[in-house]
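# Observations on the three-dimensional arrangement
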Amino acid sequence: MATEDYRRLFGVMEAIDHAADLTEFRECLVRALQTWFGFHGVAVLHGDTLAEAVQSDCGVLSGYSPDFLTEYQAGWIGLDPFRDENSFGVLMDSGVIRLGDLPDDAGFVARFLSRHGITDKAAMVIDAGQAGVVYVGVAVQDLPRVPERDLAVLRHLRRHLAPLATEQLNRQRDQRAARAYWRLTPREWDVADLAAQGMTNRQIADRLFITIDTVKKHLTRVLAETGCASRTQLAVRYSTAV
């Protein structure tokens, strides 16, 4: 790789190296990829398997407009080539792929992505072994496709990210195992974790790249499931359950 490419790789690693938890790891990775690669949109999702990570949408994203996300959820999510089960094996084998590496991507790009100014997307999977996987999706504008040079750097980056991703996924799994009697969805766990740390609804929304109304909805469910009457009580129960 060229000197500039090593600078980008180390810039991303430095940005996430001291992340305190999985939530911060995901957020820092999103922002670092936007800063060092100039990607328009970035999503960082995680799960026990690649299929779970992609299909459960447990994670964070940035760079996509509300109109894009609404239209995507309403009609295009089922036509996204990256969400097709056949693509999971291709991505796990290759580590990093571009839309053009998958079949039936032309309609998705021409009829949906291009109308929102997106010309191409790529995906990277970070294999954390038994701890799970982290899926990273990126989108570009003003370029006909994601550059080969960027793909090459991402292939090096995923290997360096694997130990950090494994550590963060295992840490989160251990923390939640201590509260296994709380039946929360992955996104509700995200909100519960941050609310227990004392974050406001606005801070949680900014951290997870979701709306304040969505935070309120998840927090209402969290408090009901955990039997807590307030954030303060939730924080106490968190500390005593560890």
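Computed from a predicted model, the values in this text were never measured in an experiment. (Residues numbered from 1 in each chain as written. Predicted model: local features only at pLDDT ≥ 70, side-chain atom pairs only at ≥ 80, totals over all residues. Heavy atoms only, no water.)

## What about the overall build of the protein chain?
Our working definition: Helix and strand definitions here come from DSSP, where helices need a minimum of 4 consecutive H or I residues and strands a minimum of 2 consecutive E residues; each element is numbered from the N-terminal end. Based on C-alpha atoms, the radius of gyration is set beside the globule rule, defined as 2.2 Å times the residue count to the power 0.38. Exposed residues in this analysis have more than 50% of their type's maximum accessible area, buried residues have under 20%, and partly exposed residues fall in between, with area computed by a 1.4 Å probe over protein chains only. Whether two residues are in contact is decided by their heavy atoms, any of which lying within 4.5 Å being enough.
Check the secondary structure of the protein chain and you find 11 helices and five strands. A globule of 242 residues ought to have a C-alpha radius of gyration of about 18 Å, and the protein chain, at 18 Å, matches this closely. Taking the principal axes of the C-alpha coordinates as reference, the protein chain spans close to 50 × 40 × 30 Å. Expressed as a percentage of the 242 residues in the protein chain, the buried residues total 50%. Contacts in the protein chain between residues far apart in sequence, at least 24 positions, make up 65% of those at least 6 positions apart.

## Some details on unusual backbone geometry
Residue Asp142 is not a glycine yet carries a positive backbone phi of 65 degrees. Turning to its location among the elements, Asp142 is positioned in the loop between strand E5 (133-140) and helix H7 (148-177). The exposure class of Asp142 is exposed, given its relative accessible area of 76%.

## What about the packing of helix H8 (residues 186-196) against helix H9 (residues 201-208)?
Quick reminder of the rule: As a rule, the C-alpha atoms of each element are fitted with a line to give its axis, helices using only the stretch in contact, and angles between N-to-C directions run from 0 to 180 degrees. Note on angle classes: values under 35 degrees are labelled roughly parallel, values over 145 roughly antiparallel, values of 65 to 115 roughly perpendicular, and the remainder oblique. In this scheme the handedness of a crossing depends on how the near helix is turned from the far one: anticlockwise by less than a right angle means left-handed, clockwise means right-handed.
Close contact between H8 and H9 brings their axes to 10 Å; oriented N to C, the two are set at 130 degrees. One finds that H8 runs oblique with respect to H9. H8 and H9 meet at a crossing whose hand is right-handed. Across from Arg187, Asp190, Val191, Leu194 and Ala195 in H8, the residues of H9 making contact are Ile204, Arg207 and Leu208.

## Focus on helix H1 (residues 3-16)
Quick note on the threshold: Multiplying 1.5 Å by the residue count of a helix minus one yields the expected span of that helix.
With 14 residues, H1 extends 21 Å from end C-alpha to end C-alpha; this agrees with the ideal 20 Å at 1.5 Å per step. Turning to H1, its buried residues number three or more, namely Asp5, Arg8, Leu9, Gly11, Val12, Met13 and Ile16.

## Let's talk about the pattern of salt bridges
The following threshold applies: Counted as salt bridges are all cases of a side-chain nitrogen of Lys or Arg within 4 Å of a carboxyl oxygen of Asp or Glu.
Considering all chains together, one arrives at 14 salt bridges under this definition. For Arg8, the salt bridge identified is with Asp150, shortest N-O distance 2.8 Å. Taken together, the positions of Arg8 in helix H1 and Asp150 in helix H7 put the pair 142 residues apart, joining distant regions of the chain. Exposure remark for Asp150: the relative accessible area of 8% places this residue in the buried category. Ionic pairing is found between Arg98 and Glu148, a salt bridge with its closest N-O pair at 2.6 Å. Of the two residues, Arg98 is situated in strand E3 (residues 96-98) and Glu148 in helix H7; the sequence distance between them amounts to 50 residues. A residue is classified by how much of its surface remains accessible, and Arg98, at 4% relative accessible area, is buried. Glu148 sits in the partly exposed class, given a relative accessible area of 47%. Sharing partners across several salt bridges, the network here consists of Asp5, Arg8, Arg149 and Asp150.

## Some details on H8
Here H8 lies mainly inside the structure; 10 of its 11 residues are buried. Taken residue by residue, H8 has Arg187, Glu188, Trp189, Asp190, Val191, Ala192, Asp193, Leu194, Ala195 and Ala196 as its buried positions. After H8 finishes, the residue Gly198 shows a positive phi value of roughly 95 degrees.

## Quick notes on the side chain of Asp21
Where we set the bar: By the criterion applied in these results, polar contacts are pairs of N or O atoms within 3.5 Å in which, for protein atoms, one can donate a hydrogen and the other can accept it, and in which residues neighboring in sequence qualify only through two side-chain atoms.
By the secondary structure assignment, Asp21 is in the loop between H1 and helix H2 (22-37). In this structure the side chain of Asp21 is engaged in a polar contact, spanning 2.7 Å, whose partner is the backbone nitrogen of Glu24. Beyond its immediate sequence surroundings of up to four residues, Asp21 is in contact with Gln168, Arg171, Gln197 and Arg207.

## Things to note about the packing of H2 against H9
This is how the line gets drawn: Asp, Glu, Lys and Arg are counted as charged, while Ala, Val, Leu, Ile, Met, Phe, Trp, Tyr, Cys and Pro are counted as nonpolar; the rest, among them Gly, fall into the polar class.
Viewed as axis vectors pointing N to C, H2 and H9 meet at an angle of 55 degrees, and their least axial separation amounts to 9 Å. By the angle class used here, H2 and H9 are oblique. Counting all contacts with H2, which are made through Thr23, Glu24, Arg26, Glu27 and Arg31, the residues of H9 involved are Asp206, Arg207 and Leu208. Across the contact of H2 with H9, the residue classes tally to one nonpolar, one polar and six charged.

## Looking at a nonpolar patch on the surface
In plain terms, the rule: Within the patch definition used here, like charges are joined within 9 Å and nonpolar side chains (Val, Leu, Ile, Met, Phe, Trp, Tyr) within 5 Å, considering only residues with over 30% relative accessible area and no salt bridge. Exposure was quantified through the Shrake-Rupley algorithm and a 1.4 Å probe, taking into account, for residues, occlusion by the shown protein chains and nothing else.
Where nonpolar side chains cluster on the molecular surface, the patch consists of Met1, Tyr6 and Phe10 and spans about 300 Å² of accessible area. When you line up the elements, Met1 lands in the segment before H1. The exposure class of Met1 is partly exposed, given its relative accessible area of 36%.

## Points about the pairing of E5
Filter applied, for reference: Only when DSSP finds a minimum of two bridges between them are two strands counted as paired.
Among the eight residues in E5, eight count as buried, and that is most of the element. Of the two faces of E5, both are covered, the one formed by Val133, Tyr135, Gly137 and Ala139 as well as the one formed by Val134, Val136, Val138 and Val140. Bridge count between strand E1 (residues 41-47) and E5: seven bridges; the pairing is antiparallel. Within E5, the position partnered with Val44 by the bridge is Val136. Here strand E4 (residues 120-127) pairs with E5 via eight bridges, running antiparallel. The residue of E5 that forms the bridge with Ile126 is Val134. Following E4, the chain reverses through five residues before pairing antiparallel with E5; Gly129 in that reversal takes a positive phi of roughly 65 degrees.

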